[in-house]
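What follows is the residue order along each chain.
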Amino acid sequence: DAGITQSPRHKVTETGTPVTLRCHQTENHRYMYWYRQDPGHGLRLIHYSYGVKDTDKGEVSDGYSVSRSKTEDFLLTLESATSSQTSVYFCAIRGADSGNTIYFGEGSWLTVV
Amino acid sequence: GQNIDQPTEMTATEGAIVQINCTYQTSGFNGLFWYQQHAGEAPTFLSYNVLDGLEEKGRFSSFLSRSKGYSYLLLKELQMKDSASYLCAVRDSSGGSYIPTFGRGTSLIVHP
């Protein structure tokens, strides 16, 4: 258990509305990540953070923004949700083990109608 | 970036052995990971290889050949609960981000 919680776990929202997903960790990890997972595409990196207020884009960052104002929280915002953003979103941290393994939160299922 | 290839689906019989292959191309290899993901759940870490050879962990083993860009996950004494998707991920040090890229996963179906 890497001490990661995501909220909300499930959400249905309408096209054009803003949505924020929260990732909270309790073990002071420096690196945090947001992935989305879709059939046929696997896990794809949206944004990541390497410290408070330090973030960078991943492979599929268009339409998403992130913020990290404190170590424990990494927020993912969809400014104006579209149906193509219907997906399951996983937050992850980089562990301190020998492999610096990525550990995932439970996931947030988002449906945009 | 990396090009990671693994079979889409495999089936096997309870009690048998199955090998799931992963091939990759990367300019700055820095480690390979295997994850298990049950339907509707998050991926969970299984194994990590950074040097050539076999790493064994109970019923699961993972092998790496860096020169061939090849890894496999070996599952022995298959159980019904092993039905899941298995994800291969490769970390690349070029570009400085050290973030793993994931393959599309192999869906393993174990039948009685």
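See the structure shown above.
Predicted model only: the values in this text are computed from it and were never measured.

About the cut-offs
Residues numbered from 1 in each chain as written. Chains lettered and ligands numbered in written order. Predicted model: local features only at pLDDT ≥ 70, side-chain atom pairs only at ≥ 80, totals over all residues. Heavy atoms only, no water. Phe/Tyr/Trp six-rings, centres within 6.5 Å; stacked < 30°, edge-to-face > 60°. Helix = DSSP H or I, 4+ residues; strand = E, 2+ residues; numbered from the N terminus. Buried < 20%, exposed > 50% of the residue type's maximum accessible area, 1.4 Å probe, protein only. Lys NZ or Arg CZ within 6 Å of the ring centre and 35° of its normal.

## Topic: the packing of aromatic side chains
In this structure the tally under the stated criterion is 20 aromatic pairs over all chains. For the ring pair Phe104 of chain A and Phe102 of chain B, a centre distance of 5.8 Å and an interplane angle of 65° mean the geometry is edge-to-face. Within this pair, whereas Phe104 of chain A is found in strand β10 (residues 102-104), its partner Phe102 of chain B is found in strand β10 (residues 100-102), the two belonging to separate chains. Pair check on accessibility: Phe104 of chain A and Phe102 of chain B agree, each one buried. For the pair Tyr24 of chain B and Phe29 of chain B, a centre-to-centre distance of 5.2 Å together with 20° between the ring planes defines the contact as stacked. We classify Tyr24 of chain B as buried; its relative accessible area is 7%. Residue class for Phe29 of chain B comes out partly exposed when judged on its relative accessible area of 21%. One Lys or Arg, Arg94 of chain A, reaches over the ring of Tyr31 of chain A and ends 3.8 Å from the middle of that ring.

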